[in-house]
Amino acid sequence: MKTRSAKVNRKTQETDIHMDFSLDGSGKTSIQTGIGFFDHMLNSFTRHGLFDMTLTVKGDLEVDGHHTIEDTGIVLGTAIKEAIGDKKGIKRFGYFILPMDDALVLCSLDLSGRPYLSFDVPFTVNRVGYMDTELAKEFFYAVTYSAGMNLHLKLLSGENNHHIMEAMFKAFGKALDEAVMQDTRIQGVLSTKGSL
């Protein structure tokens, strides 16, 4: 079976991003965004989704982390879309409810080609490490629109903001892994329309 992977480069006046991404990996990563906690979240996503990722980001962190995190989302969404390819034989839908200590997060997604984000994950602090918590929504918004993905994230319970954020990224990895799995019973794409 051919490995489903993508290389995406994106350079603007705000960021310079290089990503190698593989859906058919084992969770191996080399991630450097300049924001330690964001690196930790992306490592959690790839490790638990069993994706391989090499990522370097040079962003205007002297301004803040917004451009770095949002543009990484754009690049990741683009890489996911390119790596999936024609979507033939994939399950398309994925979901996971992930516990992490006090936190319980639901993630459900559809690789429908129609972008949509429902984000119901309230945080009670402005930052975890050096990552602004409000940028989590910006990241996932960018991923969904670049990938053409319908994504729902919901906090079911939890108090510790580190645990909530990490549970969300892990749940996203697990749900995406399920959605991109290939099923030999599926002929063409899984859609009554005949296309995704």
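Before any of the text, the structure's been laid out above.
Remember, it's a predicted structure, so these values are computed and weren't measured experimentally. For every chain, the first residue of the written sequence is number 1, and numbering continues from 1 onward in sequence order. It should be noted that, the model being predicted, local features are given only for residues of pLDDT at least 70 and side-chain atom pairs only at 80 or more, the latter also being counted only at that level, while totals for whole chains, interfaces and linings use all residues. Only hydrogens and water are removed before side-chain values are computed, so all heavy atoms of the structure are retained for them.

Peer 1: What exactly am I supposed to notice about the nonpolar core here?
Peer 2: Nonpolar side chains in soluble globular proteins tend to be buried together. To qualify as a nonpolar core, a set must consist of buried Ala, Val, Leu, Ile, Met, Phe, Trp, Tyr and Cys residues joined through side-chain atoms within 4.5 Å. For each residue, the accessible area found with a 1.4 Å probe, counting protein chains only, is set against the maximum for its type, and the residue is called buried under 20%, exposed over 50%, and partly exposed in between. With 59 residues, the main nonpolar core has Phe-21 and Met-168 as its most contacted residues. In this text, helices come from DSSP runs of H or I with a minimum length of four residues, and strands from runs of E with a minimum of two, each type numbered from the N-terminal end. For this core, the leading source of residues is helix H4 (residues 161–180), giving 11 residues. Contacts are residue-level and defined by heavy atoms, with any inter-residue pair within 4.5 Å sufficient. If near-sequence neighbours (up to four positions away) are discounted, Phe-21 is found in contact with Arg-4, Ser-5, Ala-6, Phe-45, Phe-51, Asp-52, Met-53, Leu-76, Ala-79, Ile-80 and Ala-83.

Peer 1: How do you make sense of the packing of aromatic side chains when you look at a structure like this?
Peer 2: For any two aromatic rings, the description comes down to two numbers: the centre-to-centre distance and the angle of the planes. For Phe, Tyr and Trp, where Trp contributes only its six-membered ring, two rings pair if their centres lie within 6.5 Å, and the inter-plane angle classes them as stacked under 30 degrees, edge-to-face over 60, or tilted in between. The tally for this structure, following the rule as stated, stands at 9 aromatic pairs. Between Phe-139 and Phe-140, the ring centres sit 5.0 Å apart and the planes meet at 80 degrees, which makes this aromatic pair edge-to-face. The exposure class assigned to Phe-140 is buried, which follows from its relative accessible area of 0%. Ring plane angle 50 degrees and centroid distance 5.0 Å describe the contact between Phe-140 and Phe-169, whose orientation is recorded as tilted. Of this pair, Phe-140 sits in helix H3 (residues 135–147) while Phe-169 sits in helix H4, and the two are 29 residues apart along the sequence.

Peer 1: For this particular structure, what's the right way to read the pairing of strand S6 (residues 103–110)?
Peer 2: In regular strands, side chains alternate between the two faces of the sheet. In this sheet, S6 lies alongside strand S5 (residues 93–100) in antiparallel orientation, the contact comprising 8 bridges. Counted as the bridge partner of Leu-98 is Val-105 from S6. Any two strands with at least two DSSP-identified bridges between them are counted as paired. Linkage of S5 to S6, two consecutive antiparallel strands, is achieved through a turn of 2 residues, within which Asp-101 is found at a positive phi near 55 degrees. Pairing geometry for S6 and strand S10 (residues 150–157), over 7 bridges, is antiparallel. Each bridged residue has a counterpart across the sheet, and for Val-105 the counterpart in S10 is Leu-155.

Peer 1: What's the story with the pairing of strand S2 (residues 15–22) in this structure? I'm lost.
Peer 2: Among the 8 residues of S2, 6 are classified as buried, and the element is accordingly described as predominantly covered. In terms of strand pairing, strand S1 (residues 5–11) meets S2 through 7 bridges, oriented antiparallel. If you follow Lys-11 over to S2, its bridge partner there is Asp-16. Connecting S1 to the antiparallel partner S2 that follows it, the hairpin turn spans 3 residues.

Peer 1: Would you take a moment to explain the sheet that holds strand S7 (residues 116–120) for this structure?
Peer 2: Each strand in a sheet pairs with its neighbour through backbone hydrogen bonds, running either in the same direction (parallel) or in the opposite one (antiparallel). Within the open sheet, the 4 strands sit side by side as S5-S6-S10-S7. Their pairing is mixed. Of all strands in the sheet, those bounded by a partner on one side alone are S5 and S7. Recorded for the sheet is a direction-independent mean angle of 10 degrees between the axes of neighbouring strands. Note on geometry: axes are lines fitted to C-alpha atoms, helical ones only across the stretch in contact, with angles between N-to-C directions running from 0 to 180 degrees. Where H3 meets the sheet, its contacts fall on S7 and S10, and the angle it forms with S7 comes to roughly 160 degrees. Strands in contact with H4 are S5, S6, S7 and S10; relative to S5, the strand with the most contacts, it is inclined by about 150 degrees.

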